[in-house]
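Survey of secondary and tertiary structure
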Amino acid sequence: MNSDLTYRQLAETDTPAVLELLTASLAGGPTGTRTADFFAWKHHRNPFGASPGLLAETPEGRIAGVRLFLRWDWRDGEGRTVRAVRPVDTATHPDFQGRGIFRRLTLDLLEQISPDAELVFNTPNGNSLPGYLKMGWRELGRVPIALRVARPGAFARGARAALARRGAVRTAPRCEVPTAAAWFATTPKSLPELLAERAAADLADPRLAVHRTPEFLAWRYGDAPGLDYRVLTCERGGELTGVAFGRPRRRGPLAEFTLAEVIVRPGDRGSAARLLRAAAAAGCDHAATHLAPGTEAAAAALRCGYLTAPRTGMTLAARTPTGPLPADRTLDAWRFSLGDLEVF
């Protein structure tokens, strides 16, 4: 029974207790340690808006469960903003599991955000997907991942170690690419022009996509505490023709360069190819990315050695705040970058 629990809005003063619960339930997250600075960057400094959140609390003030929705805006082919949220950072204390807290927090938060959001999406794993389906989510399919092996010997050894379930390497991977934070600190003057040209061309694409602005990219890749995003660029005649963002990370025994974003001028497959090759040459065992169909990067990928890996990718599930997802919202209705779906 939950009659002894109070469900209320998450307050900034709850952050230390929430971080403690998330760490106990989900370990240290993508940075290895859950800090107040990372939490504030993710949930309070997001340019799409602060994250709505709810928690379940005992009469003694103990947090039994927490649920947050990360705001994430999309744009359709007509330039209309589609307000969305993504369920993240959810935990129930072991002492209170099996009491329906997760479901109550989720449904209450859906009701709360329904006036100002029209889409709810996330990438649940195999364990959590059945619960989402019971609460009205629809499984849309898998978003595929493309790999480019950079160091065949190291990749083969790492793959064998992974199959043998050997422990993950703890040291940070070597990476020879400049940091995104340093690049944004120089105020790259031609970035707004590149993004404006890209946005104008993308209006012809009816798929939902995130509207990339300098402010959004600086928040997502330049300001992220502890995620070590790097930047790849290419120029022609002193003008920026393409930019990409990614980060070195450990995948068990393997060192991976996760290529989160590739942005080039419309039709410029040459710049896309240069960025894809540069990601593979960043110093890791392999590069991994999602290549949205119809993009310059997808067109250049095969000749750059990127192949879709079997049995990889993320399962996309979605609904509206008030009910089932419309039938026309299929997997093909989105144009993702990996940065839109990457767990952070």
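What you see is a predicted model, and the numbers here were worked out from it, not measured in a lab. (Residues numbered from 1 in each chain as written. Predicted model: local features only at pLDDT ≥ 70, side-chain atom pairs only at ≥ 80, totals over all residues. Heavy atoms only, no water.)

Structural notes on the overall build of the protein chain
Looking only at helices and strands, one finds eleven helices and 15 strands in the protein chain. Here the C-alpha atoms of the protein chain give a radius of gyration of 21 Å, agreeing with the 20 Å that 2.2 N^0.38 yields for 344 residues. Oriented by its inertia axes, the alpha-carbon framework of the protein chain measures out at about 65 × 50 × 40 Å. Evaluated residue by residue, the protein chain yields a buried proportion of 53% over its 344 residues. Here the contacts in the protein chain between residues at least 6 apart in sequence split such that 75% fall between residues at least 24 apart. Of the accessible surface of the protein chain, which amounts to about 15700 Å², a share of 53% is contributed by carbon and sulfur atoms. Seen as two clouds, the 45 positive and the 36 negative side-chain charges of the protein chain have centres 8 Å apart. (Helix = DSSP H or I, 4+ residues; strand = E, 2+ residues; numbered from the N terminus. Rg over C-alpha atoms; globule rule 2.2 N^0.38 Å. Buried < 20%, exposed > 50% of the residue type's maximum accessible area, 1.4 Å probe, protein only. Contact = heavy atoms within 4.5 Å. Areas by Shrake-Rupley, 256 points an atom, 1.4 Å probe, with all protein chains shown as cover. Lys, Arg positive; Asp, Glu negative; His and termini not counted. Charge placed at Lys NZ, Arg CZ, Asp CG, Glu CD.)

Thoughts on the sheet that holds strand β8 (residues 138-143)
Each strand in a sheet pairs with another by means of backbone hydrogen bonds, the pair being arranged parallel or else antiparallel. Here we have seven strands laid out as an open sheet, ordered β1-β2-β3-β6-β7-β15-β8, and mixed in their pairing. Edge positions in the sheet fall to β1 (6-9) and β8, since each of these pairs with one other strand and no more. When the angles between neighbouring strand axes are averaged without regard to direction, this sheet yields 25°. The strands touched by helix α3 (residues 101-113) within the sheet are β1, β2 (53-57), β3 (63-71), β6 (84-92), β7 (119-122) and β15 (314-319), with β3 carrying the most contacts at an inclination of about 40°. (Pairing = 2+ DSSP bridges. Axes fitted to C-alpha atoms, helices over the stretch in contact; angles between N-to-C directions.)

Observations regarding the layout of surface pockets
In this structure, the second largest pocket occupies an estimated 720 Å³ of space. For the second largest pocket, the lining is made up of 38 residues, of which Arg198, Asp202, Ala209, Thr295 and Arg335 are closest to its centre. (1 Å grid on protein atoms, 1.4 Å probe; cavity = no way out; pocket = protein on both sides within 12 Å on 5 of 7 lines; lining within 4 Å. Points joined across faces, edges and corners; volume = space filled by probe spheres on them.)

Some points on the pairing of strand β12 (residues 254-264)
In terms of residue burial, β12 counts as a mostly covered element, since ten of its eleven residues are buried. Between strand β11 (residues 239-251) and β12, which pair antiparallel one after the other, the connecting turn spans two residues, and Gly252 there sits at a positive phi close to 65°. In terms of strand pairing, β12 meets strand β13 (residues 286-289) through four bridges, oriented parallel. By the bridge assignment for β13, Phe257 is matched with Ala287. In this view, the connection linking β12 to its parallel neighbour β13 by way of helix α9 (residues 269-280) has right-handed handedness. (Right-handed = clockwise from strand over helix to strand, strands pointing away.)

Some points on the pattern of salt bridges
According to the stated counting rule, one finds 29 salt bridges in the structure shown. Linking Arg8 and Glu57 is a salt bridge whose minimum nitrogen-to-oxygen distance equals 3.1 Å. Here Arg8 is found in strand β1, whereas its partner Glu57 is found in strand β2, with 49 residues between them in sequence. A residue is classified by how much of its surface remains accessible, and Arg8, at 24% relative accessible area, is partly exposed. Between Glu118 and Arg80 there is a salt bridge, with the nearest N and O atoms lying 2.9 Å from each other. Note that Glu118 is positioned in the loop between α3 and β7 and Arg80 in the loop between β4 (74-75) and β5 (81-82), a separation of 38 residues in sequence. Members of the salt-bridge network, linked through shared partners, are Arg198, Asp202, Asp205, Arg207, Glu296 and Arg335. (Salt bridge = Lys/Arg side-chain N within 4 Å of Asp/Glu carboxyl O.)

Here's the deal with the state of the cysteines
What the rule picks out here adds up to zero disulfides. Of all cysteine sulfurs, the one in Cys284 lies closest to Cys175, which takes part in no disulfide; the gap is 5.3 Å. Accessibility expressed as a relative area gives 16% for Cys175, which makes it buried. Of the cysteine sulfurs around Cys304, a residue in no disulfide, the closest is that of Cys234, at 11 Å. We classify Cys304 as buried; its relative accessible area is 3%. (Disulfide = S-S within 2.5 Å.)

Describing helix α8 (residues 214-222)
Of all nine residues in α8, seven are buried, a share of seventy percent or more. Every buried residue belonging to α8 is among Phe216, Leu217, Ala218, Trp219, Arg220, Tyr221 and Gly222, and all of these are buried. In this structure, the buried residues of α8 make contact with α2 (36-43), α6 (180-185), α7 (191-202), β11, β12 and α11 (338-341).

Side note on the UniProt feature "domain: N-acetyltransferase" (unreviewed entry) in the protein chain
Using the residue numbers shown here, the UniProt feature "domain: N-acetyltransferase" (unreviewed entry) corresponds to residues 5-158. Counted over residues 5-158, helix gives 30% and strand 29%. Its end C-alpha atoms are 47 Å apart. (UniProt positions renumbered as here; feature names shortened; annotations may be inferred.)

Some details on the packing of aromatic side chains
We describe a pair of aromatic rings using the distance from one ring centre to the other and the angle between the two ring planes. By the definition in use, this model includes 21 aromatic pairs. Ring geometry for Phe48 versus Trp72: centroids 5.5 Å apart, planes at 70°, classification edge-to-face. Of this pair, Phe48 sits in the loop between α2 and β2 while Trp72 sits in the loop between β3 and β4, and the two are 24 residues apart along the sequence. In this structure, Phe48 and Trp72 share a single accessibility class: buried. Arranged with centres 5.9 Å apart and planes meeting at 85°, the rings of Phe102 and Tyr132 form a pair that is edge-to-face. Of this pair, Phe102 sits in helix α3 while Tyr132 sits in helix α4 (residues 129-134), and the two are 30 residues apart along the sequence. (Phe/Tyr/Trp six-rings, centres within 6.5 Å; stacked < 30°, edge-to-face > 60°.)

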